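Summary of the model geometry
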Amino acid sequence: MSNKSSQNNKPVNPCKAITGEDTRLCYPHVWELYARDGEKQKYSCCAVFPKTDLETVEQVRKAIEAAYKEGEVKLKGSGKSVPPITAIRVPLRDGDLERPDDPAFAGMWFINAKTDHAPGIVDLNCEPILDRDEVYPGCYCRISLSFYAYNFNGNRGIACGLNNIQKVRDGERLGAHSSAADDFGGLGNGDRRIGADEDFLA
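Residues numbered from 1 in each chain as written. Predicted model: local features only at pLDDT ≥ 70, side-chain atom pairs only at ≥ 80, totals over all residues. Heavy atoms only, no water.

**Structural notes on the overall build of the protein**
A count of helical and extended segments in the protein gives four helices and eight strands. Partitioning the contacts of the protein with sequence separation of at least 6, the portion at a separation of at least 24 is 67%. Of the roughly 12700 Å² that the protein leaves accessible, carbon and sulfur atoms contribute 50%. (Helix = DSSP H or I, 4+ residues; strand = E, 2+ residues; numbered from the N terminus. Contact = heavy atoms within 4.5 Å. Areas by Shrake-Rupley, 256 points an atom, 1.4 Å probe, with all protein chains shown as cover.)

**As for the nonpolar core**
The biggest cluster of nonpolar side chains holds 34 residues, and the ones touching the most others in it are Ile 143, Phe 147 and Ile 158. Broken down by secondary-structure element, the contributors of at least two residues to this core are strand 2 (24–34), strand 3 (42–50), helix 1 (54–70), strand 5 (108–115), strand 7 (140–152) and strand 8 (155–169). Considering every element that reaches this core, the biggest residue donor is helix 1, with seven residues. Residues within four places of Phe 147 in sequence aside, it is in contact with Cys 15, Ala 17, Val 60, Ala 63, Ile 64, Ala 67, Pro 91, Ile 111, Ile 158, Ala 159 and Cys 160. Ranked by size, the runner-up nonpolar core spans seven residues in total, among them Cys 26, Ala 104, Met 108 and Phe 110. (Core = buried A, V, L, I, M, F, W, Y, C linked by side-chain atoms within 4.5 Å. Buried < 20%, exposed > 50% of the residue type's maximum accessible area, 1.4 Å probe, protein only.)

**Comments concerning the pattern of salt bridges**
Oppositely charged side chains may form a pair once their charged atoms are brought near each other. Inspection of the entire model under this criterion finds twelve salt bridges. Through salt bridges with shared partners, a single ionic network connects Lys 40, Lys 42 and Asp 116. (Salt bridge = Lys/Arg side-chain N within 4 Å of Asp/Glu carboxyl O.)

**Topic: helix 1**
Here helix 1 spans 24 Å end to end across 17 residues, near enough to the 24 Å set by a 1.5 Å rise per residue. Along helix 1, the residues that are buried comprise Thr 56, Val 57, Gln 59, Val 60, Ala 63, Ile 64, Ala 66, Ala 67 and Tyr 68. (Expected span 1.5 Å × (residues − 1).)

**Remarks on the confidence of the model for the protein**
Averaged over every residue, the pLDDT of the protein is 87; residues scoring 70 or more account for 81%. Low pLDDT, under 50, characterises residues 1–7; the predicted model gives this stretch eleven contacts beyond four residues in sequence or across chains. Counted against residues more than four places away or in other chains, residues 190–202, with its pLDDT under 50, gives seven contacts. (pLDDT = per-residue confidence, 0-100.)

**Considerations on the packing of aromatic side chains**
All chains considered together, the criterion is met by one aromatic pair. Taking 5.1 Å as the distance between ring centres and 90° as the angle between the ring planes, the aromatic pair formed by Phe 105 and Phe 110 counts as edge-to-face. With relative accessibility at 2%, the residue Phe 110 sits in the buried group. Geometry around Trp 109 places Lys 51 over its ring, the cationic atom sitting 5.3 Å from the centre. Directly above the ring of Tyr 140 sits Arg 169, whose terminal nitrogen or CZ lies 4.1 Å from the centroid. (Phe/Tyr/Trp six-rings, centres within 6.5 Å; stacked < 30°, edge-to-face > 60°. Lys NZ or Arg CZ within 6 Å of the ring centre and 35° of its normal.)

**Re the pairing of strand 3**
Most of strand 3 sits out of view: eight of its nine residues are buried. As paired elements, strand 2 and strand 3 share five bridges and run antiparallel to each other. The partner of Arg 24 across the bridge, within strand 3, is Val 48. Across eight bridges, strand 3 lies against strand 5 in antiparallel orientation. Bridging across to strand 5, Val 48 finds its partner in Phe 110. (Pairing = 2+ DSSP bridges.)

Right, here's the structure in full:
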């Protein structure tokens, strides 16, 4: 897979990044609010992209560094100094180290992103996608992300907000869930129809 670059792929906001076209959408809760037990409901997804996509990796790292510099006061809090970026949590995570048993994360970086507001979800023509089945775990998307510092009860780090999603192309569906088309095929494409004289359960 090629890593295409474009001037439109470079956001002006230094704390913002837009992933490349080889990014896969994982664990998407982008149509409705979702939360685990005890958490605040949010829209969320996991962006998974190849370590070979150097443009996305560089853009994300620069956005994290910008968020760190912008949030130094918050990160310092009541302490005497700002902790180094290597001492706080950052959202860019190594799939080989953290998800070694999941083939979808092999050779990948991943970022978990959340938002309180419904993300815009569009196609290649920037037209809204209305069919929810078009956006699923495993499809390829460009994902707009924003990074910001947090300091909550002494837990300090850089978090990632989800902005918008642009579906680029289809991909192998991840997870156990299959589509109706995968399960049943298309009877209108040459498949033999089941007649009254056939045993459906045979």
